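Summary of structural features
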Protein chains: 2
Amino acid sequence: MGVSTVRLIALDWGTSSLRAYSMGDSGSVLEARTLPLGVMVLAQLLDQSTNEDTDTIFCRAFEKACGDWLQSSPAAPIIASGMIGSSQGWHETPYLTVPISIARFDTALTKFKASAGRVIHIVPGLIENSELPNVMRGEETQVVGALSLMARECPNQPELGNEVLVGMPGTHSKWVFVRDDDIIHFETFMTGEIYAALGSHTILSRTARPAAEPDYAAFDRGVRVARSSAGNDGILSTVFSARTLVLTGVLMPEQQPDYLSGLLVGAEIASLLRPRIHETFPRIGTNRFILLVGNTALCLRYVRALAENGIENVRFVTNATEHGLWKLAVQAGLVS
Amino acid sequence: MGVSTVRLIALDWGTSSLRAYSMGDSGSVLEARTLPLGVMVLAQLLDQSTNEDTDTIFCRAFEKACGDWLQSSPAAPIIASGMIGSSQGWHETPYLTVPISIARFDTALTKFKASAGRVIHIVPGLIENSELPNVMRGEETQVVGALSLMARECPNQPELGNEVLVGMPGTHSKWVFVRDDDIIHFETFMTGEIYAALGSHTILSRTARPAAEPDYAAFDRGVRVARSSAGNDGILSTVFSARTLVLTGVLMPEQQPDYLSGLLVGAEIASLLRPRIHETFPRIGTNRFILLVGNTALCLRYVRALAENGIENVRFVTNATEHGLWKLAVQAGLVS
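Let us look at the structure shown here. (Residues numbered from 1 in each chain as written. Chains lettered and ligands numbered in written order. Predicted model: local features only at pLDDT ≥ 70, side-chain atom pairs only at ≥ 80, totals over all residues. Heavy atoms only, no water.)

**Remarks on the sheet that holds strand E5 (residues 96–97) of chain A**
Residues and elements named next belong to chain A. This is how the line gets drawn: The pairing criterion is simple: DSSP has to find at least two bridges between the two strands. Think of it this way: any DSSP run of H or I at least four residues long counts as a helix, any run of E at least two long counts as a strand, and we number them from the N terminus.
Reading across the sheet, the 3 strands line up as E5-E9-E10 and stay open at both edges, with mixed pairing between neighbours. Only two strands of the sheet have a single neighbouring strand rather than two, namely E5 and strand E10 (134–136). Of the strand pairs in this sheet, E5 and strand E9 (residues 126–128) are connected by 2 bridges, and their pairing is parallel. Pairing of Leu96 across the sheet is with Leu126, part of E9.

Right, here's the structure in full:
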């Protein structure tokens, strides 16, 4: 077995997870690790601790994620995106302001001296200063990766045009409007986190049972309710039906979680289909190209919900984060 | 000091709290108690317990709430409304189906033999079997009390007419449409419970600090966002601004909880202002009479949110529950 040289250590330090990649030539992933050491987890550890500071707690997570790589490849540069640069992260870094050209991300990397003199290059997050400001940290890297992967895999895509809507379902779903390699607008939906909070910390937990398999019929039912006139009343009202449909025997307790998922994902999609506030955006229609990035099982739910709303022009990209981190490292001259 | 005879022991056994009233002549409240022993709390105790059953756990709560009254007034009848009659309660009782005349509640009381041969008369909950079924347990008693109090206090109220919308803000807000003493439709919004879940179990908890006093300016701001075109995107999207407005220094961490409250209460009101699905209801407008029932501080928030939406014709009723329990006991012949 030949030994591959580690060219880059890349971190995707999110809210709930810390993902670490050791990357070889041309950005090939030599090894990938996922640790449940996201920024919110560490912030809770910090809250509970009486004698440890932010630096100690983040440093330990960092060593756990890639200490062995750091030791065996001391020359490999380190790049990181995500919540590591947030006010609850390890080292707060400034946002770049939207609209912005993707080409400008690389020059805005923050050099942060972490443990043992190691420098972590932190990718800036983005902010959109509208009436309701929006922020992201990490998703900008996924957008870079996703667009680059698409361009590489489908060099001639007439349907792509110069406008793409990139959807990143997750704890906090982001929808990013890209035009000519500029990010011109984005929105956040706290769908994943609200789903978890509703399922675990409200009365809905009393009538639900976990399902062995996803129940897509229950999910689709939720999506249809979300786009119906009843759904127009919003989720404060519709989510109560997750309880009453079980109480009345229409849904099985095992179907409730997927129905609730459909209500929320459906509400997110229905909201995106409304005319945008931001006047520079045309309404999303059947002819708009959508690129989905993220967890496969979750993206498949969004594909279903989009189809239920008549939108079929959807592509799905995997490994956008690590590819984006590599691409930004190349652009910044950290790797060649 | 004269000793008043206990005529009725009345229980309002809700999701989070158990309220007990000993009542004297004409329904005067001799003593009132609130215990944190709601049905969901007891259900959690039951989940955690290895050797106690439903009956043991509810019986202990019952004795704690009114054991001394039961002993000193063995002849006093007992009436109870709320989640005690739910599938997670002490004794499941059937719902009455909406539309229904309020006059029919009393004949539908369920006699339940509780501990030591004591009979509890359980008030039936209501169900509305629409596409998204709706249920209530306890609020029907508040409606009875509120309408009776209004009729007594303002016998000639031209503006009341024959249609009243009764709003009961809370963990699960209920809005009940009453016409000529018939309950013809009702809706549920999980506003209070979702507010608590968002504030404690999502990333919003990271940027919030508790406030010493309610910040109505922050609350009103949330209400205005909810009724703006941005609010039209729904709370999955707008609640994220509770975080970003703090991150960008527009809101203080102490203002975030009230801003979030405004976003949610505002979304609930905005939803009610949309044309109703239920065709028998005219749209709520400035000329519709609204009766608010419940916690005073919370009702004041709803008064503000309604006013922000141009609705001023609002009355506020306190003590509707105990009055409703008394009235139903009188109607059923338990007390004279």
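**Focus: the environment of B:Ser101**
All names here are of chain B. Inclusion rule: Only protein chains enter the calculation, and the probe is 1.4 Å; a residue is then buried if its accessible area is under 20% of its type maximum, exposed if over 50%, and partly exposed in between. The contact definition used throughout considers only heavy atoms, calling two residues in contact when any of these lie within 4.5 Å.
Relative to the helices and strands, Ser101 resides in strand E6 (residues 100–101). With relative accessibility at 25%, the residue Ser101 sits in the partly exposed group. For the pair Ser101 and Asp181, spaced 80 residues apart in sequence, the C-alpha separation works out to 6.1 Å. With residues up to four places along the chain from it excluded, the contact list for Ser101 reads Asp181 and Asp182.

**Let's talk about empty space enclosed by the protein**
In this approach a probe as big as a water molecule rolls over the atoms, and the regions it shows empty are the leftover space. Stated formally: Note on definitions: the grid is 1 Å and covers protein atoms alone; a cavity is a set of points where a 1.4 Å probe fits but cannot get out; a pocket is an open set with protein on both sides within 12 Å along at least five of seven lines; lining residues have an atom within 4 Å of a point. Grid points are joined across faces, edges and corners, and a volume is the space filled by probe spheres set on the points.
Under the criterion given, the structure shown has 5 cavities of 30 Å³ or more. What the largest cavity holds in volume is close to 290 Å³. Contributing to the lining of the largest cavity are 24 residues, with A:Gly234, A:Ile235, B:Asp233, B:Gly234 and B:Ile235 lying nearest its centre. Counting only elements with at least two residues in the lining of the largest cavity, the list comes to helix H6 (235–238) and helix H8 (256–273) of chain A together with helix H6 (235–238) and helix H8 (256–273) of chain B.

**What to know about the side chain of A:Asn134**
One can find A:Asn134 in strand E10. Setting aside its immediate chain neighbours within four residues, A:Asn134 contacts A:Leu126, A:Ile127, A:Glu128, A:Lys174, A:Phe186, A:Glu187, A:Thr188, B:Phe240 and B:Thr244.

**Some words on helix H2 (residues 54–72) of chain A**
Residue and element names in this part refer to chain A. Note the cut-off: Here the expected span of a helix is defined as 1.5 Å times the quantity of residues minus one. Note that the bend at a residue is defined as the angle between axes fitted to the seven residues ending at it and the seven residues starting at it.
The end-to-end C-alpha distance of H2, which contains 19 residues, comes to 26 Å, matching closely the 27 Å that a straight helix rising 1.5 Å per residue would cover. At Cys66, H2 shows its maximal kink, close to 70°. Burial in H2 covers these residues: Ile57, Phe58, Cys59, Ala61, Phe62, Ala65, Cys66, Gly67, Trp69 and Leu70. In this structure, the buried side of H2 is in contact with strand E1 (8–13), strand E2 (18–23), strand E3 (29–35), helix H1 (39–48), strand E4 (78–82) and strand E8 (119–122).

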